[in-house]
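# Residue-level structure breakdown
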Amino acid sequence: DAQIQDVMAITIANDVCNRMDLQLGQTYERLKFDAHQIQVYRNDVKEYVQGEVRVVMGRHDALRTDPQRLAKEVLASTLKVFAE
């Protein structure tokens, strides 16, 4: 069960990060940071998202949680944290 939860968490975290890239793609281009620094920040976000997925999965029955709903919840909380 723990391995299944880890795979689900990584998959959902990757999906959330990909959605963020789609929403913020042009914003990345307008930032005054170089590409390397943007990648460092993105890796920080990905690490946060993976942790947040695990926290949310811990609040719910991880193996019975709807992945789409979980991804939306994590995306919303991540954008709230990093948009400030």
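Refer to the structure printed above.
Sequence positions are assigned chain by chain, starting from 1 and proceeding in written order. pLDDT decides what is reported in this predicted model: residues at 70 or higher carry local features, side-chain atom pairs at 80 or more are listed and counted, and totals for whole chains, interfaces and linings draw on all residues regardless. Side-chain numbers come from the whole structure's heavy atoms, not from hydrogens or water.

## Concerning the side chain of R42
Definition in use: Helix and strand definitions here come from DSSP, where helices need a minimum of 4 consecutive H or I residues and strands a minimum of 2 consecutive E residues; each element is numbered from the N-terminal end. Only protein chains enter the accessibility calculation, which uses a 1.4 Å probe; a residue is then buried when its area is under 20% of its type maximum, exposed when over 50%, and partly exposed in between.
Looking at where R42 falls in the secondary structure, it is placed in helix 2 (residues 35-59). Since its relative accessible area comes to 19%, R42 is described here as buried.

## Structural notes on helix 2
A turn of α-helix holds 3.6 residues, and therefore any two residues three or four places apart point the same way. This is how it is decided: The span expected for a helix works out to 1.5 Å for each residue beyond the first. The contact rule is simple, with two residues in contact once any of their heavy atoms fall within 4.5 Å.
The end-to-end C-alpha distance of helix 2, which contains 25 residues, comes to 36 Å, matching closely the 36 Å that a straight helix rising 1.5 Å per residue would cover. Residues of helix 2 that are buried include every one of I38, R42, V45, V49, E52, V53, V56 and M57, and no others. Buried residues in helix 2 make contact with helix 1 (2-30) and helix 3 (67-82).

## Some points on a nonpolar patch on the surface
Cut-off, in case you're wondering: Each patch is built from residues lacking any salt bridge and having more than 30% relative accessible area; the joining distance is 9 Å for like charges and 5 Å for nonpolar side chains (Val, Leu, Ile, Met, Phe, Trp, Tyr). Areas reported here follow the Shrake-Rupley algorithm with a probe of radius 1.4 Å; residue values treat only the protein chains shown as occluding. A pair is scored as a salt bridge if a Lys or Arg side-chain nitrogen falls within 4 Å of a carboxyl oxygen belonging to Asp or Glu.
On the surface, a nonpolar cluster with roughly 330 Å² of combined accessible area is contributed by L31, F33, V40 and Y41. With respect to the element layout, L31 can be found in the loop between helix 1 and helix 2.

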